[in-house]
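Here's the letter readout for the chains.
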Amino acid sequence: GRPSAGPHLSPRMTAVFGGIFGLATLTSLIALLIQGVPVRDERALVAAGPAGSAAGAEDAAKAASGAPEVKAKKRTPLPGPWRVSELAKDPSVITASDVMDRRSFIVALADKGVPKAQIYRIMKAFDGLRKFDRCGRKDRFTVAMDRSTRRVRAFEYEVSASEIYQAREDAAGLLAGTTLDMKIAEEEVATAFYVGKDLTSAYQSVGLEPGVLDVIDDALSGRMSTESFEEGSTVRLIALEETALGMFSRYKKVIALEYRPADPAGKAVRIYDFKGQEARGYFDERGRQPYAGGWRSPVPGAPVTSKFNPKRMHPVLKKIMPHNGTDFGAPTGTPVYAAYRGVVDWVGPAGPSGNLVTVAHPNGITTGYAHLSRYAPGIKSGMKVGTHQLVGYVGSTGRSTGPHLHFTAKKDGKYFDAETLQLDGERVMPGVDRAAFAEAKEALDKRLDAIPLPEPPPEPVKPEAAEPSAPPPAAAGSDATVSTAPQVGPSGPAEPEAQPPEGAGDDEGEFIQGP
Ligand SMILES: [Zn+2]
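The rules behind each value
- Residues numbered from 1 in each chain as written.
- Predicted model: local features only at pLDDT ≥ 70, side-chain atom pairs only at ≥ 80, totals over all residues.
- Heavy atoms only, no water.
- Helix = DSSP H or I, 4+ residues; strand = E, 2+ residues; numbered from the N terminus.
- Buried < 20%, exposed > 50% of the residue type's maximum accessible area, 1.4 Å probe, protein only.
- Contact = heavy atoms within 4.5 Å.
- Polar contact = N/O pair within 3.5 Å; in protein donor to acceptor, adjacent residues only side chain to side chain.
- Salt bridge = Lys/Arg side-chain N within 4 Å of Asp/Glu carboxyl O.
- Expected span 1.5 Å × (residues − 1).
- Arc of directions from axis to C-beta.

- If you check an unreviewed UniProt entry, the protein appears there as Peptidase from Sorangium cellulosum.

### Some words on unusual backbone geometry
Next up, step 1: For R102, which is not glycine, the phi torsion reads 70° and is therefore positive.
Next up, step 2: Checked against the element boundaries, R102 lands in the loop between β1 (93-99) and α5 (105-111).
Next up, step 3: Residue classification places R102 among the exposed positions, given a relative accessible area of 66%.
Next up, step 4: In this model, H388 sits at a positive phi of 70°, which is unusual for a non-glycine residue.
Next up, step 5: Topologically, H388 is positioned in the loop between β19 (384-385) and β20 (390-393).

### Structural notes on the environment of E242
Next up, step 1: By the secondary structure assignment, E242 is in strand β7 (residues 234-244).
Next up, step 2: Taking C-alpha positions, E242 is 6.8 Å from I184, a pair spaced 58 residues apart along the chain.
Next up, step 3: Residue contacts for E242: discarding those within four places in its chain leaves S162, I184, A185, M247, F248, S249, R250 and K252.
Next up, step 4: Separated by 2.8 Å, the side chains of E242 and S162 make a polar contact.

### Here's the deal with the environment of N355
Next up, step 1: By the element assignment, N355 lies in strand β16 (residues 355-360).
Next up, step 2: Here the alpha-carbon distance between N355 and S396, two residues 41 residues apart in the chain, equals 8.8 Å.
Next up, step 3: If sequence neighbours within four positions are ignored, N355 has contacts with G348, P349, Y369, A370, H371, L372, S373, Y375 and T397.
Next up, step 4: In terms of polar contacts, N355 uses its side chain to reach the side chain of Y375, at 3.2 Å.

### Focus on the pattern of salt bridges
Next up, step 1: Evaluation of the coordinates by the stated rule reveals 27 salt bridges.
Next up, step 2: Ionic pairing is found between R288 and E426, a salt bridge with its closest N-O pair at 4.0 Å. In this pair, R288 sits in strand β11 (residues 288-290) while E426 sits in strand β23 (residues 426-428), placing the two residues 138 residues apart along the sequence.
Next up, step 3: Judged by its relative accessible area of 45%, E426 is partly exposed.
Next up, step 4: Within the structure, one salt-bridge network assembled from shared partners comprises R236, E258, R260, R270, K441, D445 and D449.

### Observations concerning helix α9 (residues 434-449)
What sets the pattern is the α-helix's 3.6 residues per turn: residues three or four places apart point alike.
Next up, step 1: For α9, with 16 residues, the first-to-last C-alpha span of 22 Å sits near the 22 Å given by 1.5 Å per residue.
Next up, step 2: Where α9 is concerned, the buried positions are F437, L444, D445 and L448. In a view along the axis of α9, the buried residues occupy a sector of 110°, so they form one face of it. Turned more than 90 degrees away from the buried face of α9 sit A435, E439 and K446, all of them exposed.
Next up, step 3: The inward-facing, buried residues of α9 contact β7, β8 (247-260), β9 (269-275) and β10 (280-284).

Given below as structure tokens:
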């Protein structure tokens, strides 16, 4: 069901609410709502899982029966150029098709029985047009060969629906490469969708195509991500799509978008694509842009629930103990990202820190990500990570009273306030572009305003009944969970001789203590 703000707080919410009531600013309220609803991945699981309830099954049934809710955009396919696949009808020809999937061009074609000399003949046919020394994993090729001699009659290489290379033998037996004219066109789409339990069905229900979340994430980069879209929120979107032969090919970019949180009192976020004399990229209402190349929040959009504090009264141990990190409140399972590029230094349990990942950055700073519920798949010590690369998921392992990320920064062996790294630092609109931006923004605002807000889908029969992903109230951050907490020493990291970073995350969660 839709999360409601105000007096209808669950026991868990009440516990959370009590602790920070004094700070109950608008920001905190939004934060609580974020915490109160499962993140997208979990919602998807809820919808798909066996416990997914009648509602999930109904949705699936609707989707299968060509649901009236899925408004596929009307598109008219245009007549296209000759394609190699047409030779499949010719009995004197054998055709084969495959995706590159990490193989070299030569290996991929040889795997389909194309003789070496013919592979070189194909490469020569594309001389000056395209080299095949760097192939994308998803690139697809189709080859047509004479059944008896294996001489190549035609060949096609497809990078995307709009970028296709083709070579066809002419009457003289000459193989020459060309780029197919796929009648590429661009068109703006303006629509809105309501975020339900599953984000994919949310955008599909208004006729948006796969790939739309990628361009939305680009536009929101450094601010928030589609992963953190909460159930009950709405998105209004103006995007530029590209078609090939009249059919959808890909989204090129977002032109403007609005994200409205579920809470009607919450502030909507608007993002605008803008190119001025100096400014370029995505800006918010005030003409601000995240500073690319800088430090990023490890949990975008999550509020700081406890600051770095060298003289803090420890909420669990009841004595003065420094809080050597910054806490971000977020539900279990929320993705945690590297704040900056670096090399993974530690992956494993580390006493009070619980499941910990640390990353050593080029400038001598090491960051730590504590209390994780899970690690990013495949992550290990010594591995390079980029800024904003997934390292794990929020949890409450180790000495912790509820799900949150305890984020630390260390230089020369000493902890310092990670917030001084200016996470998600911003650039302001250069003076020379301010007037033009204001004008562009006004025009885009009018267009966003004109998109009707979507209605929430009809409520299921028992909206509050099935919430299998919600933890039981007792586990949601009460001190009771602490009794099991302090484990001493690592219990089995990948390399037994390695020692976990000492004292990296001695924790708390003071924001969830009762009043
Ligand atoms: Zn902490």
